[in-house]
Amino acid sequence: MLTELSQLTEEFEVTRDVDHDVRPTSGRYHLEEISHNRYFLAASPAMMRIYENIRLLAAVDVPVLILGESGVGKDVVANLLHKHSRRSSHTFSSVNCAALPPDLLESELFGYEAGAFTGAVKAKPGKFELADRGTLLLDEIGEMSAPMQAKLLHVLQDGRYSRLGARTVSTADVRVIAATNVNIENAITDKLFREDLYYRISAFTINIPPLRERREEIPFLVEQMVKRQAAQFQQDPVYISPRIVSLLQEYHWPGNLRELSNAVIRIQILKGSDASVADIESKVMGRASITEQTCPTIEGEPDASVTHMRSIVRNFKDQTESRLIQQALEAARWNRRHAAAALRISYRTLLYKIDQYHLKEARAPMRFSTGH
C-alpha cells in the first residue's frame, strides 16, 4: 500500500487553475541553504527520498555517482552531501571534466611543478591536493577521455598521484563524488567509459529526476527564485499570478532548473506583464505543436485545431487527476486528511477537487446470510 501511495504521489501533478492552490506554503517541503545563495529544495516524493539518502550517505565515506539531465541540480546534491559529511569543515572543490582538454584536465586535477611545460613558471597544486580531507566533485565525468580515465582509476585505487613534472608521489584523502548526464551503461557498452572506473565511483548512485517529473515542486522553486532574484536585482519581488504558475507547470522544461530560473528572471524583469505570460504560453504551445500537426485544420477557423487540441489535453489531464485522487482516497479508506497528505496537497484543495470531479466513496454492497 505504501509503495502504491508513493507511486501515486510521484504521478500527481499540482492542480492548475485553482487560485488557492498555487501558494506553495500549503504542502510539506524541505528547503536548505548551502552556499553562495544556493539551496536544496525537495517537495516531491522522489526528491524527499533523495534528501533522506543524502543524510544517510553523508555519514558514510564512500564514492557517490550522481546521474541526471543537464540542469537538474547535480552540483547542488554534491554540495549538500559535503555539507552533512564529516569533511564539511574542509574544502569542497569541483572540476568540469568536459570543459578541459585531457592535458589541461590532468594538470587541473593533479597540479604541476615549475618547468613541467612551457608557461609553467611556478608550481601549482591540483584539485586533489586542494581538496585533501575534503570533497572533490568530478562533474561531467562521462565526457572524460580514455587516457584520463585510466589515470583517475589509478588515483582512486590507492590515493596516490604525482604532479606533472614531479619526481615524488603525493597522497590525498579525498572523497570523490562524480556526476554526469551521460547514459553510463550505454557508454560502457560502446567502450567510451571504463567499466572498472564505473564500479570505483559508484558505490552508491543517486538519480535526480528531471523537472518535468516533479512538477509539484515548481511553485516552491518559483517562490525561492523570485525572492532571491529580486534581492539580487534590488527590486521588489514580482507577483506571480495563478495563471503564470499554471503555465509554468504545464511546460516540460528541457533545460530543467536552469531554464526555469531564466524564465523567472524574465518574469521578474517584465514585472509579470502580459509579455511574460505570452512568452510562457508560446513555450507550452510549442511543446504541443508536433501533436497538433496531426490534427485536421478546420477551414475558415485557423485557430480551431489549436483550441481543439488544448481542450483534448485539458480533458485528459482532468481525467488523470480525477483518477489519481480517487485512488488516493480509496487507498486512505476515504480519510481525506491522509489522502491529502499522500498527494502533497492541502486539505482544502482536496475537498475542492472532490466536489469538482463529483467523487464519491464506493460503498460495498450489503451481504445477507442465506442460512440453511
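Residues numbered from 1 in each chain as written. Predicted model: local features only at pLDDT ≥ 70, side-chain atom pairs only at ≥ 80, totals over all residues. Heavy atoms only, no water.

Draft legend 1. Quick look at the overall build of the protein chain. Across its full length, the protein chain holds 15 helices and 11 strands. Across the 372 residues in the protein chain, those meeting the buried criterion constitute 45%. For the protein chain, restricting intrachain contacts to residue pairs at least 6 apart in sequence, the fraction spanning at least 24 positions comes to 74%. (Helix = DSSP H or I, 4+ residues; strand = E, 2+ residues; numbered from the N terminus. Buried < 20%, exposed > 50% of the residue type's maximum accessible area, 1.4 Å probe, protein only. Contact = heavy atoms within 4.5 Å.)

Draft legend 2. Quick peek at the pattern of salt bridges. Using the criterion set out here, one finds 17 salt bridges in the structure. Residues Arg-38 and Asp-75 are paired through a salt bridge, measuring 2.6 Å at the closest nitrogen-oxygen approach. With Arg-38 in the loop between strand E1 (30-33) and strand E2 (39-42) and Asp-75 in helix H3 (residues 74-84), this pair connects stretches of sequence that are 37 residues apart. For Asp-75, a relative accessible area of 29% corresponds to the partly exposed category. In this structure, Glu-106 engages Lys-151 in a salt bridge whose closest nitrogen and oxygen atoms are separated by 2.8 Å. With Glu-106 in helix H4 (residues 102-110) and Lys-151 in helix H6 (residues 146-158), this pair connects stretches of sequence that are 45 residues apart. When its relative accessible area of 36% is taken as the criterion, Lys-151 is described as partly exposed. Each of the salt bridges in this network shares a partner with another, and the network as a whole consists of Asp-61, Arg-86, Arg-87, Asp-173 and Arg-175. (Salt bridge = Lys/Arg side-chain N within 4 Å of Asp/Glu carboxyl O.)

Draft legend 3. Summary view of the packing of helix H14 (residues 336-343) against helix H15 (residues 347-356). Taken N-terminus to C-terminus, the directions of H14 and H15 make an angle of 105 degrees; their axes are 9 Å apart at the nearest point. Between H14 and H15, the interaxial angle falls into the category roughly perpendicular. Packed against H14, whose contacting residues are Arg-336, Arg-337, Ala-339, Ala-340 and Leu-343, the element H15 presents Tyr-347, Leu-350, Leu-351 and Ile-354 at the interface. (Axes fitted to C-alpha atoms, helices over the stretch in contact; angles between N-to-C directions. Parallel < 35°, antiparallel > 145°, perpendicular 65-115°, else oblique.)

Draft legend 4. The sheet that holds strand E7 (residues 135-139), seen in detail. Reading across the sheet, the five strands line up as E4-E7-E10-E3-E11 and stay open at both edges, with parallel pairing between neighbours. Each edge of the open sheet carries a strand with a single partner, namely strand E4 (92-96) and strand E11 (204-207). Each neighbouring strand pair of the sheet contributes to a mean axis angle of 20 degrees, computed without reference to strand direction. Here strand E3 (residues 64-67) pairs with E11 via four bridges, running parallel. Note on E11: the bridge partner recorded for Val-64 is Phe-204. (Pairing = 2+ DSSP bridges.)

Draft legend 5. Structural context of H4. Those residues of H4 that sit buried are Leu-105, Glu-106, Ser-107, Leu-109 and Phe-110. Where H4 ends, the next residue or the one after it, Gly-111, has phi of about 80 degrees, a positive value.

Draft legend 6. Summary view of the nonpolar core. Within the largest apolar cluster, 29 residues are counted, with the highest numbers of intra-cluster contacts made by Leu-109, Phe-128, Leu-138, Ile-141 and Phe-193. For this core, the secondary structure elements donating two or more residues are E3, H4, E7, H6, strand E10 (175-180), helix H7 (184-189) and helix H8 (195-201). By residue number, the principal contributor to this core is H6, which donates four residues. The residues touching Leu-138, leaving out its near neighbours within four places in the chain, are Val-95, Cys-97, Leu-109, Leu-152, Val-176, Ile-177, Ala-178 and Ala-179. In this structure, Leu-248, Trp-253, Val-264 and Val-284 belong to the second largest nonpolar core, which totals 25 residues. (Core = buried A, V, L, I, M, F, W, Y, C linked by side-chain atoms within 4.5 Å.)

Draft legend 7. Broad picture of the packing of aromatic side chains. For the structure shown, the criterion picks out eight aromatic pairs. Seen in terms of ring centroids, Phe-40 and Tyr-51 are 5.9 Å apart; in terms of plane orientation they differ by 25 degrees. Their pairing is stacked. Placement of the pair is Phe-40 in strand E2 and Tyr-51 in helix H2 (residues 45-58), with a sequence separation of 11 residues. We note that Phe-40, like Tyr-51, is buried. (Phe/Tyr/Trp six-rings, centres within 6.5 Å; stacked < 30°, edge-to-face > 60°.)

Draft legend 8. Structural view of H3. In terms of residue burial, H3 counts as a mostly covered element, since eight of its 11 residues are buried. Those residues of H3 not exposed but buried are Lys-74, Val-76, Val-77, Ala-78, Asn-79, Leu-80, Leu-81 and His-82.

Draft legend 9. Layout of the pairing of E1. Side chains His-30 and Glu-32 project from E1 onto a buried face, and the interleaved Leu-31 and Glu-33 project onto a face without burial. Examined bridge by bridge, E1 and E2 share four bridges and lie antiparallel to one another. For Glu-32, the partnering residue across the bridge sits in E2 and is Phe-40.

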